[in-house]
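Secondary and tertiary structure notes
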Amino acid sequence: MTTRRLECLFKPKSLALIGASGRIGSLGRAVFDNLRAGGFKGAIYLVNPRHTMLEGLPCVARIADLPAVPDLVIVAAPRQAVPALIEEAAAFGVKAAVVITADPEHGVGSLAACLTDIARATGIRIVGPNCLGLVSPRSGLDASFAAHRALPGDLAVISQSGAVASALLAWAHERKVGFSGLVSIGDMADVDFADLLDYFALDHQTRAILLYVESIRDAKGFMSAARAAARVKPVIVIKSGRHRRAAKAAATHTGALAGADAVYDAAFRRAGLLRVNDISELFAAAEALGRIKPFTGDRAAILTNGGGLGVITVDNLLDLGGKLAELSPETFATLDAALPASWSHANPVDIVGDADAQRYQLALGALLDDSANDAVIVLHCPTALSESEATAKAVVATVEAHRRASLQPKPVFTVWLGATPASDEMFEAARIPNYRSGATRGFMYVVRWRENRDALMAVPPNLPADFEPDVPAARAIVAEALAAGHTWLGPVAITGLLEAYGIPIAPARLAKTAEDVAVPAAALIAQHGACVIKILSPDITHKSDVGGVVLGLETPEAAVEAARAMLARIAEARPTARLEGVTVQPMVRRPHARELIAGIAEDPTFGPVIVFGRGGKAVEVINDRALALPPLDLRLAHDLIERTRVVKILRTYRDEPAADIDATALMLVKLSQLSADIPEIRELDLNPVLCDHEGIIVIDARIAIAPALQPHLHGSNQRFAIAPYPKGWERELTLRDGAKIFVRPVRPEDEHLYRRFFESIPALDLRLRFFAPVKEFSHTFVARLTQIDYARAFAICAIEPETGRMLGGVRLIKDAEATSGEYAILLLPEFKGRGLGWNLMKLMIEYAEDEGLTRIEGQVLAENTTMLTMCEQLGFQVRDDPEEHGIKLVRLDLNRMPDIAKRLPV
């Protein structure tokens, strides 16, 4: 995950085509023609040992024979020659390559695997192999064999498929839509989705990013880059293979419910990406997001000259989750005065079939001035009385006048049936999204992206203060089972594990024989009125399928007899199954309870996944479930619940009281934390979980375990696709005066802490920290400081235990190469000089070393002498910033760092 040298791909000053050819129909000729037609202003060199001249340009036999080192090479040579050519290019000093050459092989021994090794060894950046190529219109660069030229624009495309990239170019050519860049990444030997997402997220000439995904290899890198990009611009994704299942052999209901595409969907949702299902939807999204800036609200006004078309549009809008706006009284009066008596007198505003350009202009102007709607969808049906081009001109003029007069202009979407090239050109020039049909879909794409972006920035509610899981006890239970060679936790161990995380469960007691059932059954019957017995066997996954559950046993004798009959029956039906006895549990009677399922599934790409839905025996038949990537907070847990159908019966209906949805959400957060703390848990299935107005209780559970594939790192599960909260960095510090301070990583819910902290900081200190006066601490401003992607950054805050107030904080932002980081620190004035800043800096340096960074850098105002002195004491080198007067650059080389722990006392 790095943007290193990507400028050489998109803005090269010179390039070389290796495999250039004059033969019509060859790959080398197609790429050569596109390079010349693209208008590239830099030097173009040709390499092919069979030619000395091609189309008037000199051609050399070897890369080493080139007159200068090109920034970029494009390779269209035979497969067997490619590795040696890339090695030669890297040795010659070339920084980047696009390998178009195809290779049918995958995995070990493939061209992609070979190029991956070369890229790692030499540092050359490689796009491909097996790709369409790369297009950067503003650089005049068309290093592809696409059939259509790309215009300059603000859409970026990253596609695993050359065919999809080519289709997008054809669509854009027809619609005159431009691109900031288009990359066909093929087999991703080196440059991948994460690298390009980072690049285009920072590219000010890119407004939206379009992805075509077949598979993700580096889930952590992808999720980190996608979340960062989606915070600043729309990212639209289409994923193929939606109906393939990855859990056919899953051992639990939870695993069976977590299909591969459902996990991808959960990942895209969590990253804030906008998913579409096919190319036409991708085009519709690009049409809107490439032209419309985010706006607030989801209320649409519809203007039409055809009633039927307006009604269809309303249906589509409501189907997609939008809202039909009400007309304000003022707008209604304006329209009623200007329109014929036969107008619809409601939204959709049907101005009838003889509407001319002036009528459209009057009605649209009134709707744009109406604060009761958030956007306007304009529909036009061709009639003998309504001239298409004149009406389009009137609509464009009205929109442009509104844009000039409004500080926050309202978006307009058009559907122009019977459009002409002239009307299309008008809407294109005015950057108005224009559709033959489906404008409501384009409107809702912008709404959904804005909602996704807001969700990424939302502050989650606080967890209960008393949620303190007994992690050591839980780890001991799992470790003991693994030491005994178990792959499944026994029911008694499951009870202990869930209780360690405060998840209520009907406790299980083990009986190895039918006769052993009597004592626990008697105790449970005396307390609960009845008991339940369940078969215990590592070879029987779903107990109900073999008659392995008997409910409502009201006497010990009945329990013993039921156990005896169960063991005999199952031994006969499943002679190879290992029967370890039965478990005895209380009969839980919750007449108003709903049956739920919750659990943890393991995905080969994205790691642990939290699953929630409708539970019971028919869970897979009903298939009502939703997935989310951990870690979860309460907001994300509630969102997970809301995406299921079962949520409707969790609320009050008829004579049923509402179930405790908050308790259900908290259980999901606890499962997320359990997965973070104990990576040895591979699958966890709680089914059923009974939920009613009194709360939740787990009735049955299965938990699969295995040794951790990766070691614990500061108490976190390294298989998470999203870096979890790094609990291992929580510390208690002692200051020079003996004061005890609690230090922990920053959490999203810390916004209130930061806000109060900043309010206590003098204006001068804020200016020294942010290099400018700070007058307002908006939600957006503070959210950037509290919502940390721990894959990219590290932020800790110091808390006063007695008051809970924030005393200071330090953060380190890693660069794209993950080799260095830039730090910042801020303290309350009364805690300066007491050792807090020193301790925070040491902790930050410890983190940097742990992450393998080679240096820490920062900028400090020259007047901030206190910070500069501490930096020098810590071993930082200090020098003037050659580009900015009054700024000092500080740098700590970790490889040569002095032993700061010994140099000064804490």
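Now for a quick tour of the structure. (Residues numbered from 1 in each chain as written. Predicted model: local features only at pLDDT ≥ 70, side-chain atom pairs only at ≥ 80, totals over all residues. Heavy atoms only, no water.)

1. A closer look at the sheet that holds strand 36 (residues 855-861)
Put simply, the rule is: The pairing criterion is simple: DSSP has to find at least two bridges between the two strands. Counting from the N terminus, the helices are the DSSP runs of H or I reaching at least four residues and the strands are the DSSP runs of E reaching at least two. Axis lines are fitted to C-alpha atoms, over the contacting stretch for helices. Their N-to-C directions set the angle, which ranges from 0 to 180 degrees.
Across the sheet, eight strands lie side by side as 31-32-33-34-35-36-38-37; this open sheet has mixed pairing. One side of each edge strand has no neighbouring strand; the edge strands of this open sheet are strand 31 (731-734) and strand 37 (877-880). Ignoring strand direction, the axes of neighbouring strands in this sheet form an average angle of 25°. Note: strand 31 against strand 32 (residues 740-745), four bridges, orientation antiparallel.

2. With respect to the pairing of strand 28 (residues 681-692)
The following threshold applies: Each residue's exposure class comes from its accessible area (1.4 Å probe, protein chains only) as a fraction of the maximum for that residue type: buried when under 20%, exposed when over 50%, partly exposed otherwise.
Burial analysis of strand 28 places 12 of its 12 residues in the buried class, the great majority of the element. Sheet topology note: the strand 25 (residues 594-603)/strand 28 ladder contains six bridges and is antiparallel. Looking across to strand 28, one finds that Ala 598 is bridged to Leu 686. As judged from the five bridges shared by strand 28 and strand 30 (residues 701-705), these two strands associate in the antiparallel manner. Considered in strand 30, the bridge of Asp 685 is made with Arg 702. Bridge count for strand 28 against strand 29 (residues 695-698) is four bridges, and the pairing is antiparallel. Residue pairing for strand 29: Val 689 is matched across the bridge by Val 698. Between the end of strand 28 and the start of strand 29, which pair antiparallel, lie two residues.

3. Observations concerning the nonpolar core
We count it as follows: In this text, buried Ala, Val, Leu, Ile, Met, Phe, Trp, Tyr and Cys residues form a nonpolar core when linked through side-chain atoms within 4.5 Å. We call two residues in contact whenever any of their non-hydrogen atoms come within 4.5 Å of each other.
If you look at the biggest cluster of nonpolar residues, it comprises 68 residues, and the most contacted ones within it are Leu 9, Ile 74, Leu 197, Leu 211, Phe 222, Leu 273 and Phe 606. The contact partners of Ile 74, leaving out residues within four places of it in the chain, are Leu 15, Ala 16, Leu 17, Ile 18, Val 31, Leu 35, Val 98, Ile 100 and Ala 143. Core analysis: the second largest hydrophobic core is formed by 55 residues, Tyr 754, Phe 794, Ala 798 and Met 867 among them.

4. What about unusual backbone geometry?
Look at the link from Asn 347 to Pro 348: it is a cis peptide, with omega at 10°. Note on placement: Pro 348 falls in the loop between helix 12 (329-338) and strand 17 (349-350). The amide bond that connects Asn 687 to the next residue, Pro 688, takes the cis arrangement and shows omega of 5°. Here Pro 688 is to be found in strand 28. A positive phi angle, close to 65°, is found at Arg 5, a residue other than glycine. Positionally, Arg 5 belongs in the segment before helix 1 (7-10).

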